[in-house]
Amino acid sequence: MRATRRPSAPHDHPHAHSPATETISLEEKVLARNDAIAAEVRSRLAHRGIVAVNLMSSPGSGKTTLLERTIRDLDGDRPVAVIEGDQETPLDAERIRRTGCAVVQVNTGAGCHLDAAMMRAAVNKLDPSPGTLLFVENVGNLICPALFDLGERAKVVIISVTEGADKPLKYPHMFAVADLVLVNKVDLLPYVDFDLDACRRHVSAVNAGARVLALSATRGDDVDAWYDWLTAPAIR
Amino acid sequence: MHELSIAESVVAAVCERAGDRRVHSVRMRIGAFTAVVPDAMQFCFGLAVEGTVADGARLDIEHRPGAVHCRACGADTDLADMLLLCPCGSADVAVTAGRELQIVSMEVG
Ligand SMILES: [Zn+2]
């Protein structure tokens with residue numbers, strides 16, 4: 001820390017005046033606390049062989065439906081648990097609970113994202129068994145969650161073909177941090193104006209390293225590629 | 001609005017360091033690739049300081065443009081938006097600037 005004292009202007013009258021101010025150099029990351037908690041969560045999870053996958057999307061992308069199918073289809077392979085981030089209602093958590101999977105709900109109130117402290121509290125409450133595949137259903141928006149490291153192993157962004165193919169260009173911050181982009185509801189492709197190839201190009205434009213998989217959570221098209229990705233060595 | 005939680009983090013950090021001294025101004029550095037909107041940041045900072053030793057403090061923002069280093073041709077390029085592409089056409093680039101989100105300094109007294 002560097003502290004410099006700014007001298008007050010010279011004067012010869014004795015009345016009271018505001019004292020000199022001091023400029024204090026801080027040079028610290030705003031999210032330093034969040035990132036420190038996230039690092040702690042990451043190392044605790046890794047130690048127990050727990051893999052956390054942070055799922056982010058705008059509302060209506062079919063994220064909860066995808067999660068329901070994934071939990072049912074992976075049943076028995078390994079323990080699965082869900083941290084459900086929601087601004088208002090416990091509805092999504094109830095849908096997940098009906099699959100028989102362990103779930104903890106985090107109400108973010110007016111907050112538009114989960115942060116590492118919420119993640120740590122949720123992990124403590126859930127206490128997942130070793131080897132668990134832990135899904136984090138982040139709050140439904142494509143802006144705020146991009147900034148906050150939760151200590152997850154991978155970030156997945158889900159969009160659907162009923163949204164615009166230019167979504168990666170409209171929300172570049174979110175797509176820039178994604179390890180995987182899932183394009184959901186491909187069963188609706190014949191009925192909507194969605195250019196899948198253009199969408200893939202737009203993802204590469206903001207994030208050359210991201211993988212893109214197209215699938216349908218309701219009908220089950222190409223979900224195996226998603227399950228393969230989840231069980232790939234890079235994720236385990 | 002994530003700017004509010006960012007503003008709250010900033011205010012908590014500066015108030016902790018200020019102790020019982022008044023905070024007159026805070027300087028932040030915000031990169032172009034951070035998804036933090038300066039106007040929203042100003043607004044939320046004004047809300048977050050209420051009732052603290054930084055009440056009424058001014059927020060100064062240093063804006064940092066984004067930049068990438070190209071692994072294909074070696075060029076360093078400033079970018080106005082987040083399309084991470086070198087002028088040579090390669091997308092094999094590393095972000096070298098624009099992700100800054102820092103509290104630079106504060107004025108107390
Ligand atoms: Zn180049």
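Residues numbered from 1 in each chain as written. Chains lettered and ligands numbered in written order. Predicted model: local features only at pLDDT ≥ 70, side-chain atom pairs only at ≥ 80, totals over all residues. Heavy atoms only, no water.

Asker: Would you mind going over the packing of helix α1 (residues 32-47) of chain A against helix α4 (residues 116-126) of chain A in detail, with residue names and values included?
Answerer: All names here are of chain A. The interhelical angle for the contact between α1 and α4, taken along N-to-C directions, is 30 degrees, at an axis separation of 8 Å. The angle between α1 and α4 falls in the class roughly parallel. In this structure, α1 meets α4 at a crossing whose hand is left-handed. On α4, the residues that touch N34, I37, A38, E40, V41, R44 and L45 of α1 are A116, A117, M119, R120, V123 and N124. (Axes fitted to C-alpha atoms, helices over the stretch in contact; angles between N-to-C directions. Helix = DSSP H or I, 4+ residues; strand = E, 2+ residues; numbered from the N terminus. Parallel < 35°, antiparallel > 145°, perpendicular 65-115°, else oblique. Left-handed = near helix turned anticlockwise from the far one by under 90°. Contact = heavy atoms within 4.5 Å.)

Asker: If you had to explain the interface of chain B and chain A to someone new, which residues and values would you point to?
Answerer: At the junction of the two partners, chain B supplies 32 residues and chain A supplies 28 residues. With both sides pooled, the region where chain B packs onto chain A buries about 2,500 Å², and carbon together with sulfur makes up 61% of that total. The largest contributions to the chain B side of the interface with chain A come from B:H2, B:R17 and B:M82, which together make up 21% of the buried area. Where chain B touches chain A, the interface holds three salt bridges. For B:R29, the salt bridge is made with A:E27, and the minimal N-O distance between the two is 3.1 Å. At the boundary of chain B with chain A, the tally comes to 14 residue pairs in polar contact (both at pLDDT 80 or more). No other element matches helix α1 (residues 2-18) of chain B, which puts nine residues into the side of chain B that touches chain A. Here the side of chain B that touches chain A is built from residues that sort into 19 nonpolar, eight polar and five charged. Of the strand pairs in this sheet, strand β2 (residues 22-29) of chain A and strand β6 (residues 101-108) of chain B are connected by six bridges, and their pairing is antiparallel. Along β6(B), the bridge assignment pairs A:S25 with B:S105. (Buried area = accessible area lost by both parts, 1.4 Å probe. Salt bridge = Lys/Arg side-chain N within 4 Å of Asp/Glu carboxyl O. Polar contact = N/O pair within 3.5 Å; in protein donor to acceptor, adjacent residues only side chain to side chain. Nonpolar A, V, L, I, M, F, W, Y, C, P; charged D, E, K, R; others polar. Pairing = 2+ DSSP bridges.)

Asker: Talk me through the coordination of the zinc ion; I want residue IDs and the actual numbers.
Answerer: By definition of the ideal shapes, four donors in a tetrahedron about a metal sit 109.5 degrees apart, and six donors in an octahedron sit 90 or 180 degrees apart. Residue and element names in this part refer to chain B. With distances of 2.3 Å, the protein atoms coordinating the zinc ion are C70 (SG), C73 (SG), C86 (SG) and C88 (SG). Around the zinc ion, the four donor atoms sit at angles spanning 105 to 116 degrees, and that spread fits a shape best called tetrahedral. One chain supplies every donor to the zinc ion, and in sequence these donors are spaced C-x2-C-x12-C-x1-C. Note that C73 is positioned in the loop between β3 (66-70) and β4 (76-79) and C88 in the loop between β4 and β5 (93-97), a separation of 15 residues in sequence. Of the residues examined, C73 reaches a relative accessible area of 44% and is grouped as partly exposed. Classification of C88 as partly exposed rests on a relative accessible area of 45%. (Donors = N, O, S within 2.8 Å, 3.2 Å for Na, K, Ca; no water. Tetrahedral: all angles 85-135°; square planar, octahedral: opposite > 155°, others 65-115°. Buried < 20%, exposed > 50% of the residue type's maximum accessible area, 1.4 Å probe, protein only.)

Asker: With reference to specific residues and values, describe the sheet that holds strand β7 (residues 154-160) of chain A.
Answerer: Pairing between the strands of a sheet is mediated by backbone hydrogen bonds and can be parallel or antiparallel. All names here are of chain A. Taking strand neighbours across the sheet as the criterion, the seven strands line up as β5-β4-β6-β3-β7-β8-β9 in an open arrangement whose pairing is parallel. The strands lining the two open edges of the sheet, one partner per strand, are β5 (102-107) and β9 (211-214). For this sheet, the mean angle separating the axes of adjacent strands, direction not counted, is 20 degrees.

Asker: I'd like a description of the side chain of B:E100, backed by residues and values.
Answerer: All names here are of chain B. Along the chain, E100 turns up in the loop between β5 and β6. In this structure E100 is buried but unpaired, with R64 as the nearest side chain of opposite charge at 4.7 Å. If we ignore the near neighbours within four places in the chain, the residues touching E100 are R29, I30, G31, T34 and R64. (Lys, Arg positive; Asp, Glu negative; His and termini not counted.)

Asker: How would you sum up the pairing of strand β1 (residues 23-31) of chain B? Please name residues and give values.
Answerer: Residues and elements named next belong to chain B. Burial analysis of β1 places seven of its nine residues in the buried class, the great majority of the element. Two strands pair when backbone bridges link them, and β1 and β6 are joined in this way by seven bridges, in the antiparallel orientation. Across the sheet, the residue bridging to V23 is V108, located in β6. In this region the chain leaves β1, passes through helix α2 (residues 38-48) and returns to the parallel neighbour strand β2 (residues 58-64); the handedness of that crossover is right-handed. (Right-handed = clockwise from strand over helix to strand, strands pointing away.)

Asker: Can you lay out the nonpolar core for me, pointing to particular residues and giving the numbers?
Answerer: The nonpolar side chains of soluble globular proteins are, as a tendency, buried together. Residues B:I6, B:V26, B:M28, B:L101 and B:M106 are the most contacted members of the largest nonpolar core, which totals 31 residues. Those elements that place two or more of their residues in this core are β2 of chain A together with α1, β1, α2 and β6 of chain B. For this core, the element with the highest residue contribution is α1(B), accounting for eight residues. The next biggest cluster of nonpolar side chains, apart from the first, holds 29 residues, and it includes A:V156, A:L180, A:L182 and A:A217. (Core = buried A, V, L, I, M, F, W, Y, C linked by side-chain atoms within 4.5 Å.)

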